[in-house]
Amino acid sequence: MFELVIACFIGIAIGTITGMVPGIHVNTAGAIIFAASTFLLSFLSPEFLYVLMVAMSIAHALLENIPSMLLGVPEEGTAVSILPGHRMVLEGRSKEAIRIVSIGGLELLLLQLL
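Please read all numbers here as calculations on a predicted model, not as lab measurements.

Colleague: Can you help me understand the overall build of the chain in this one?
Modeller: Each helix and strand in the chain was counted, giving seven helices and zero strands. If one aligns the C-alpha atoms of the chain with their principal axes, the spans along those axes are about 50 × 30 × 20 Å. Relative to its 114 residues, the chain shows a buried fraction of 27%. Split by element, the accessible area of the chain, about 7,600 Å² in all, is 72% carbon and sulfur.

Colleague: What should I look at first to understand the packing of aromatic side chains in this one?
Modeller: Describing an aromatic ring pair means giving the distance of the ring centres and the angle of the ring planes. In total, this model carries one aromatic pair according to the counting rule given. Aromatic pair Phe39 and Phe43: ring centres 5.4 Å apart, planes at 75°, arrangement edge-to-face.

Colleague: Would you take a moment to explain the pattern of salt bridges for this structure?
Modeller: Two side chains bearing opposite charge may form a pair once their charged atoms approach each other closely. Summed over the entire model, instances satisfying the criterion amount to two salt bridges. We note a salt bridge from Glu91 to Arg93, for which the minimum N-O separation is 3.0 Å. For the salt bridge of Arg93 with Glu96, the shortest nitrogen-to-oxygen distance reads 3.1 Å. Exposure remark for Arg93: the relative accessible area of 34% places this residue in the partly exposed category. Using a relative accessible area of 32% as the deciding quantity, one classes Glu96 as partly exposed. In the salt-bridge network here, residues are joined through shared partners; they are Glu91, Arg93 and Glu96.

Calculation rules
Residues numbered from 1 in each chain as written. Predicted model: local features only at pLDDT ≥ 70, side-chain atom pairs only at ≥ 80, totals over all residues. Heavy atoms only, no water. Helix = DSSP H or I, 4+ residues; strand = E, 2+ residues; numbered from the N terminus. Buried < 20%, exposed > 50% of the residue type's maximum accessible area, 1.4 Å probe, protein only. Areas by Shrake-Rupley, 256 points an atom, 1.4 Å probe, with all protein chains shown as cover. Phe/Tyr/Trp six-rings, centres within 6.5 Å; stacked < 30°, edge-to-face > 60°. Salt bridge = Lys/Arg side-chain N within 4 Å of Asp/Glu carboxyl O.

Structure, rendered in structure tokens:
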């Protein structure tokens with residue numbers, strides 16, 4: 001059980017990096033982990049890799065909008081949804097925009113658990 005908690009925290013760390021750094025996508029990290037999975041499975045359990053990938057994906061999904069709003073360089077799939085937040089950043093309300101995105105992501109995560 002403790003092993004899965006560690007996997008969760010490692011996944012959150014990788015998802016945070018891929019979400020906050022423009023140009024690095026979670027699919028790239030996932031592909032690297034998948035390519036190395038034959039080596040990793042020799043000393044890690046499949047559940048460890050599963051939890052790591054799921055935590056990485058969730059963290060990336062919750063954080064990927066922040067640099068898009070602050071830098072004004074959204075990905076093609078999120079361009080329309082980022083425009084209101086980018087407008088708020090240009091008005092000097094960046095903390096409020098990040099707070100709204102964070103609350104929305106948390107609500108979505110809680111709705112998925114129900």
